[in-house]
Amino acid sequence: PSVTGVPHLLTDNDLSPQQLTNIIQSACKFKHEAKVLGKASGAPLAGKTMALMFSKRSTRTRVATETAVTYLGGHAMFLGAQDIQLGVNESLLDTSKVVSSMVDGIMARVGAHSEIETLAKYSTVPIINALSDLYHPTQILADLMTLHELYTPKGSEPHTISPATTLKNLKLAWVGDGNNILHSLMLQLPKVGMHISMATPKGYEPNADILKQALNNAKLAGTDVEVYNDPKEAIKGADIVVTDTWISMGQEEEKKQRIQAFAGYQLTTELIESSGAKPDWKFLHCLPRKQEEVTDDVFYSPRSHVFQEAENRKWTILACINQLLVHKGF
Ligand code: CP
Ligand code: NVA
């Protein structure tokens, strides 16, 4: 628990179903105002600073956060692993107390999830998880926003209708590693009425505790969570097929054994269609992408919405920052 009592976004469970749908709608509204209406934000973060404490590389999350803070009129300060004493020459406790005493919010990308828990425990300002080994909550917000846009009926605008309506009963199939992205998907999809099926190789299943939480969320929502080792089983009946790298940041030394373990898991049009995906199946990937997990014929096809998904990192992170720093909570 937090010593300071400020709200954070550390895991997907920090958002209730209502808060989740509100964030997605808010992100759609920001996107509409900025891109369609050409409206300025009114600079609610003028004079405020958000620190980006990143102990791992990042393209999307960093660019999304820095541009979002700029749009809101604040200053984003990037603090990379080589720049500050983050956990190397100074404890996380001390770092958290010092940095939070001078900034208004922190976006933190860490290794072990326990690191962000320590930061949050002692921080006097809101912290958003920009990826840990167990969760990537802001990524799933962008995934859901993208699907909401794709499934909004013609004639309606995404910012005027609820994602709980457009996404209800869709089935998402995950084929790949039981990693942070899968964990976050498992926890969030039930909250918008979506089903999830997953196929991971033996030994690369999702974290058992998080799976238990996901089953609980699904029970509350009346949705399905299906767990397989065979990609074909998971893809059957799927509206959306998703994967991610087989080698997450920090696992580089396991590359050889992982490539072997994931043989047969590469997504191809042939595999997806012969497994019985829905005729209008769609593809998502959080990026960065390697060819190992998905071939070009899927990744660059009209069924793939990965670049829209990448852009939506900005609008969803913007909505989170606006809630936590301007409105002081979700
Ligand atoms: N999807 C994602 O988080 O990308 P980055 O690692 O480039 O931020
Ligand atoms: N699973 C990947 C996601 C990168 C955005 C990793 O943790 O490296």
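Just so you know, these numbers come straight off a predicted model, no measurement behind them.

K.L.:
Would you take a moment to explain the site of ligand 1 for this structure?
P.N.:
Taken together, Ser58, Thr59, Arg60, Thr61, Leu131, Gln139, Cys286, Leu287 and Pro288 make up the full set of residues adjacent to ligand 1. Residues belonging to the shell around ligand 1 are distributed by class as follows: four nonpolar, four polar and one charged. Looking at which domains feed residues into the shell around ligand 1, each of domain 1 (12-135 + 312-326) and domain 2 (139-310) supplies at least three.

K.L.:
Is there a simple way to think about the sheet that holds strand S3 (residues 105-109) in this case?
P.N.:
Either a parallel or an antiparallel arrangement is found when strands of a sheet pair, and the pairing is made through backbone hydrogen bonds. Strands sit in the order S2-S1-S3-S4 across an open sheet of four strands; the sheet is parallel. Only two strands of the sheet have a single neighbouring strand rather than two, namely strand S2 (75-80) and strand S4 (127-129). Mean inter-strand twist for the sheet, computed between neighbouring axes without regard to direction, equals 20°. Alignment of strand S1 (residues 49-54) against S3, held across five bridges, turns out to be parallel. Of the residues in S3, the one forming a bridge with Phe54 is Arg109. Helix H4 (residues 113-122) rests against S3 and S4 of the sheet, and its axis sits at about 170° to S4.

K.L.:
Where do I start with the site of ligand 2 in this structure?
P.N.:
Around ligand 2 lies a shell formed by Leu131, Asn179, Asn180, Ile181, Asp244, Thr245, Ser248, Met249 and Cys286. For the shell around ligand 2, the residue count by class is four nonpolar, four polar and one charged.

K.L.:
What's the story with the sheet that holds strand S7 (residues 225-228) in this structure? I'm lost.
P.N.:
Spatial strand order, S7-S6-S5-S8-S9: five strands in an open sheet with parallel pairing. Bordering the open sheet on either side are S7 and strand S9 (282-285), each of which pairs with just one other strand. Within this sheet the neighbouring strands show an average axis-to-axis angle of 20°, counted without direction. With four bridges connecting them, strand S8 (residues 240-243) and S9 associate as parallel partners.

K.L.:
Would you mind going over the domain arrangement of the protein chain with me for this structure?
P.N.:
Splitting the protein chain by domain gives domain 1 (12-135 + 312-326) and domain 2 (139-310). Each of domain 1 and domain 2 has a C-alpha centre, and the two are 24 Å apart. Each partner contributes to the interface: domain 1 provides 25 residues, whereas domain 2 provides 29 residues. Elements supplying a minimum of two residues to the side of domain 1 that touches domain 2: helix H1 (17-36) and helix H13 (306-326). The dominant element in the side of domain 1 that touches domain 2, judged by the number of residues it contributes, is H1, at ten residues. Its residues placed into classes, the side of domain 1 that touches domain 2 shows ten nonpolar, eight polar and seven charged.

Thresholds applied
- Residues numbered from 1 in each chain as written.
- Chains lettered and ligands numbered in written order.
- Predicted model: local features only at pLDDT ≥ 70, side-chain atom pairs only at ≥ 80, totals over all residues.
- Near = placed C-beta within 6 Å.
- Nonpolar A, V, L, I, M, F, W, Y, C, P; charged D, E, K, R; others polar.
- Domains from an automatic or database assignment.
- Pairing = 2+ DSSP bridges.
- Helix = DSSP H or I, 4+ residues; strand = E, 2+ residues; numbered from the N terminus.
- Axes fitted to C-alpha atoms, helices over the stretch in contact; angles between N-to-C directions.
- Contact = placed C-beta atoms within 7 Å.

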